[in-house]
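Analysis of the macromolecular model
Listed below, chain by chain, are the residues.
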Amino acid sequence: MREMAENDKASGAEAKVRGRPRDPAVEKAILRATVERFASDGYSRMTIGDIAADAGVTRPTVYRRWANKHDLVVDALDFNYQEERERNPIAPLEELPPAEALRKALEYAAPFGASGRGMTVIGNVLAEAKVTPGLVELVRRHAVAPRVQPLIDTLRRLCKEGALHPDTDVQVIADMMIGSFYSSYLRGGGEDPQLPGRVVAAIWPVIAGQER
């Protein structure tokens, strides 16, 4: 009897340790719902209750995984970025001709994202900049910088290789190239898939070095 009791106790303890394992599908649903709410409502207006309802879970389910809205949004932006990169991975830019590598890097830096909601997210963030000062930095670090870095890295590499003029101001050129997305969007009201190629074609004769 004592042995049976000890076995039962051990089994119960093991079950308690195992508990209810977190379901990855639930976490993904919450993260996707967070990104959608972030895009549609903005940071200040979105609530954990709305996110939980959209994901088909309860508020406690969300709070068991994230202590607050800020942490949830950070993870949601990282998750969204990783999903987009898995759906549309960037090719090894070093293997492409210089102008083509620059075009691909600019496509990668586009603020729209695979779902097209990226521009809306950025608009909401800028609108809330004064109300939530840290929001711009949060989006810059977790949504913008990962997309822009390959463009900056490519410009620097091409300068070192002689494909671009050695005095090229990499940061200014990158800002100008990325700024074209916002200007085109405001002017035309949508995404222009041909824009990266047109931008590179226009700027290449100005920045190209001796080895083209």
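Note that the structure is predicted; figures quoted are calculated from it, not measured.

**Quick look at the environment of Glu27**
Topologically, Glu27 is positioned in helix α2 (residues 24-41). For Glu27 and Arg65, which are 38 residues apart along the polypeptide, the C-alpha to C-alpha distance reads 8.2 Å. When near neighbours in sequence (up to four residues on either side) are disregarded, Glu27 contacts Arg22, Arg65 and Trp66.

**Concerning the pattern of salt bridges**
Applying the stated criterion across every chain yields a total of twelve salt bridges. For Arg37, the salt bridge goes to Asp41, with nearest N and O atoms at 2.6 Å. Taken together, the residues Arg37 and Asp41, both in helix α2 and four residues apart, mark about one turn of the helix. Judged by its relative accessible area of 16%, Asp41 falls in the buried class. Notably, a salt bridge pairs Glu107 with Arg103, separated by 2.4 Å at the nearest N-O pair. Of this pair, Glu107 and Arg103 both sit in helix α6 (residues 98-108), four residues apart, roughly one helical turn.

**Observations regarding helix α5 (residues 69-87)**
Over its 19 residues, α5 runs 27 Å from end to end, which matches the ideal 27 Å to within 8%, given 1.5 Å per residue. Where α5 is concerned, the buried positions are Leu72, Val73, Val74, Ala76, Leu77, Phe79, Asn80, Tyr81, Glu83, Glu84 and Arg85. Of the surrounding secondary structure, the elements contacted by the buried residues of α5 are α2, α3 (48-55), α4 (59-63), α6 and α8 (134-161).

**What about the nonpolar core?**
The nonpolar side chains of a soluble globular protein tend to be buried, and buried together. By size, the foremost hydrophobic cluster in this structure holds 30 residues, and its most contacted members are Leu102, Leu106, Leu151, Leu155, Leu164 and Met177. Taken together, the elements giving at least two residues each to this core come down to α6, α8, α9 (170-188) and α10 (195-207). Residues in contact with Leu164, not counting those within four places in the same chain, are Leu155, Leu158, Cys159, Trp204, Ile207, Ala208 and Gly209. Judged by nonpolar contacts, the second largest core, of 26 residues, contains Tyr43, Ala52, Leu77 and Val121.

**Comments concerning the packing of aromatic side chains**
Applying the stated criterion to the full structure yields one aromatic pair. Between Phe38 and Tyr43, the ring centres sit 6.4 Å apart and the planes meet at 80°, which makes this aromatic pair edge-to-face. Of note, Lys69 hangs over the ring of Tyr43, and the distance from its end group to the ring centre comes to 4.6 Å.

**Notes on the packing of α6 against α8**
Look at α6 against α8: their axes get within 8 Å of each other, and the N-to-C directions meet at 160°. Judged by the inter-axis angle, α6 sits roughly antiparallel to α8. Handedness of the α6/α8 crossing: left-handed. Contacts between α6 and α8 pair Pro98, Ala101, Leu102, Ala105, Leu106 and Tyr108 from the former with Pro146, Arg147, Pro150, Leu151, Thr154, Leu155, Arg157 and Leu158 from the latter. Among the residues making up the contact of α6 with α8, the classes are represented as eleven nonpolar, one polar and two charged.

**Remarks on the side chain of Thr61**
Positionally, Thr61 belongs in helix α4. A distance of 2.8 Å separates the side chain of Thr61 from the side chain of Thr58, its partner in a polar contact. A polar atom in the side chain of Thr61 sits 3.3 Å from the side chain of Arg64. In this structure, Thr61 is in contact with Val26 and Ile30, ignoring residues within four places of it in sequence.

**Topic: the environment of Val121**
Summarising the element assignment, Val121 is placed in helix α7 (residues 118-127). C-alpha of Val121 to C-alpha of Ser40: the two residues are 81 residues apart in sequence and 7.8 Å apart in space. Setting aside residues no more than four positions away along its own chain, Val121 makes contact with Phe38 and Ala39.

How each quantity is defined
Residues numbered from 1 in each chain as written. Predicted model: local features only at pLDDT ≥ 70, side-chain atom pairs only at ≥ 80, totals over all residues. Heavy atoms only, no water. Helix = DSSP H or I, 4+ residues; strand = E, 2+ residues; numbered from the N terminus. Contact = heavy atoms within 4.5 Å. Salt bridge = Lys/Arg side-chain N within 4 Å of Asp/Glu carboxyl O. Buried < 20%, exposed > 50% of the residue type's maximum accessible area, 1.4 Å probe, protein only. Expected span 1.5 Å × (residues − 1). Core = buried A, V, L, I, M, F, W, Y, C linked by side-chain atoms within 4.5 Å. Phe/Tyr/Trp six-rings, centres within 6.5 Å; stacked < 30°, edge-to-face > 60°. Lys NZ or Arg CZ within 6 Å of the ring centre and 35° of its normal. Axes fitted to C-alpha atoms, helices over the stretch in contact; angles between N-to-C directions. Parallel < 35°, antiparallel > 145°, perpendicular 65-115°, else oblique. Left-handed = near helix turned anticlockwise from the far one by under 90°. Nonpolar A, V, L, I, M, F, W, Y, C, P; charged D, E, K, R; others polar. Polar contact = N/O pair within 3.5 Å; in protein donor to acceptor, adjacent residues only side chain to side chain.

Functional significance is not addressed by these values, which are geometric in nature.
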